[in-house]
Structures are given as structure tokens and as C-alpha cells.
Amino acid sequence: MTVYNFTAKTNEGEMISLSEYKGKVLLIVNTATKCGLTPQYEALEALYQKYKDKGFVVLDFPCNQFLNQAPGTDEEISEFCTLNYNTTFPRFSKIDVNGENTHPLFIWLKEQASEDKGDEDSKAFEEKVKSLVPLAKKGDIKWNFGKFLIDRDGNVHDRYSPAYKPEQLEAEIEKLLG
């Protein structure tokens, strides 16, 4: 099984197969518009612009499970991201990444990589948010902006902490792009 076995609803309500991204390096991120980490949209867009012509795509999955920090409709979220961060990468409909209504894609992603990689700053951040939203089980997404890097074959390369800055992934992205 690979990421290409999954479907997801776009922010415009269309169901698509992630096989549309076959052969691309993907960065799948659960996002929120009202979070302290929301400015990561800027770095995500910069990475997308820099590498999209080489086969890199950011896939944005808004999630409102962390202190309701992704309020609004799919349309309102997209409008916010476009106006405030000029994002142009694909955005999907709001989903759950933990709990009984977890989107199947995120069930699979968490099975493939149950631990976040990060630096000292991101680990300190995780300790802070642990008390705000306790994890139900090992492998749960810890907060908004959890990141999964997917190789060109649709396999999970690695998982990164929410506070791990997108620009810190650049060397790994370059390596996967070959």
C-alpha cells in the first residue's frame, strides 16, 4: 500500500485519488489558520514555489481538532490562506487526524511513521502542547502542522514534529527529488 491508494475531498468538494500525484515528492501537512504555527504557511509556500517544477507538492489538510484552531468552512480557510499567505498548493477539505473519525490517509500515515522527528525547539513545543490536548494513543498527531514527507514511490520517508520548521526539510526534499 502507498499514499496513492487513498482518496480525499478537495477544498472545493471534489473527490480525487492521490494517485494524481504519482511520481511526485509530497509533503502532507495537517494545518490550522488560528494557530501559533500558522505562519508556517509562508515557508510551505516558499518550498512549494522553489521545488514544484522539480516534482514537489505540498498537500494541505486543515484540521480543527487542536483547540478549534481551524474554524470556518473550507472556502473561508482557503480565502484566509490565499489572502494572508498567498498559498497556491493543493488544499483539501477539513478532516480529523486523530480519534474515531480519523481520515483513512492519516491512519495509514501514522502506521508508517509513529514518531515525529524534530530538533530541541520542536520537542520543547511538543511538551508544552501535551497538556492542552492529551494524546489518546501512541502515534497520534500532536498538534497542527504535523508533517509527513512522501517519496516519489508513494511511501512515507519520514514524519516531522509540528514545530519543526518547513525550511528545515529542504535538504531531505532535495535528496528525494534526486
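Values in this document were obtained by computation on a predicted structure and should not be read as measured data.

What counts and how
Residues numbered from 1 in each chain as written. Predicted model: local features only at pLDDT ≥ 70, side-chain atom pairs only at ≥ 80, totals over all residues. Heavy atoms only, no water. Helix = DSSP H or I, 4+ residues; strand = E, 2+ residues; numbered from the N terminus. Contact = heavy atoms within 4.5 Å. Core = buried A, V, L, I, M, F, W, Y, C linked by side-chain atoms within 4.5 Å. Buried < 20%, exposed > 50% of the residue type's maximum accessible area, 1.4 Å probe, protein only. Salt bridge = Lys/Arg side-chain N within 4 Å of Asp/Glu carboxyl O. Pairing = 2+ DSSP bridges. Right-handed = clockwise from strand over helix to strand, strands pointing away. Axes fitted to C-alpha atoms, helices over the stretch in contact; angles between N-to-C directions. Arc of directions from axis to C-beta.

Engineer: Requested: an account of the environment of V3, with residues and values cited.
Structural biologist: Secondary-structure assignment places V3 in the segment before β1 (7-9). Counting along the chain gives 147 residues from V3 to I150, while the straight-line C-alpha distance between them is 8.0 Å. The contacts of V3, once residues within four sequence positions are left out, are L18, L26, I28, L105, W108, I150 and G154.

Engineer: Describe the environment of Y21, and please don't skip the residues or the numbers.
Structural biologist: Its place among the elements puts Y21 in the loop between β2 (15-17) and β3 (25-31). Sequence-wise, Y21 and D153 are 132 residues apart; in three dimensions their C-alpha atoms are separated by 9.9 Å. Each residue touching Y21, except ones within four places of it in the same chain, is listed here: Y4, I16, L26, V57, L59, P90 and F92.

Engineer: How would you explain the nonpolar core if you had to name every residue and give the values?
Structural biologist: I28, F56, L105 and F106 are the most contacted members of the largest nonpolar core, which has 56 residues in total. If we ignore the near neighbours within four places in the chain, the residues touching I28 are V3, L59, F61, L105, F106, L109, G146, K147, F148 and I150.

Engineer: So what's going on with the pattern of salt bridges? Which residues, and what values?
Structural biologist: In total, this model carries 10 salt bridges according to the counting rule given. The salt bridge partner of K142 is D116, with a shortest N-O separation of 3.2 Å. One end of the pair, K142, is in the loop between α4 (120-130) and β5 (147-150); the other, D116, is in the loop between α3 (104-112) and α4, with 26 residues separating them in the sequence. Residues K142 and D116 agree in their burial class; the two are buried. A salt bridge links R159 to D116; its shortest N-O distance comes to 2.5 Å.

Engineer: Talk me through the pairing of strand β4 (residues 56-62); I want residue IDs and the actual numbers.
Structural biologist: Burial analysis of β4 places 7 of its 7 residues in the buried class, which makes it a mostly covered element. Side chains F56, V58, D60 and P62 project from β4 onto one buried face, and the interleaved V57, L59 and F61 project onto a second face that is buried too. Bridge analysis of β3 against β4 gives 7 bridges, and the strand direction is parallel. Bridging from a neighbouring strand, V29 pairs with D60 of β4. You can see the chain leave β3, run along helix α1 (residues 40-51) and come back into β4, and the turn it takes is right-handed.

Engineer: Outline the sheet that holds β5, listing residues and values.
Structural biologist: Sheet architecture is open: 4 strands sit in the order β4-β3-β5-β6, paired in mixed fashion. Both edges of this open sheet fall to β4 and β6 (156-160), since each of them pairs with a single strand only. When strand polarity is set aside, the average angle formed by the axes of neighbouring strands in this sheet is 15 degrees. In the sheet, β5 pairs with β6 via 4 bridges, with the strands oriented antiparallel.

Engineer: With reference to specific residues and values, describe helix α5 (residues 170-177).
Structural biologist: Those residues of α5 that fall on the buried side of the exposure criterion are I173, L176 and L177. Take α5 and look down its axis: the buried residues cluster within an arc of 100 degrees, on one side only. When the buried face of α5 is taken as reference, the exposed residues oriented beyond 90 degrees from it are A171 and K175. Contacts from the buried residues of α5 go to β3, α1, β4, β5 and β6. In the stretch just after α5, G178 is the one whose phi turns positive, near 75 degrees.

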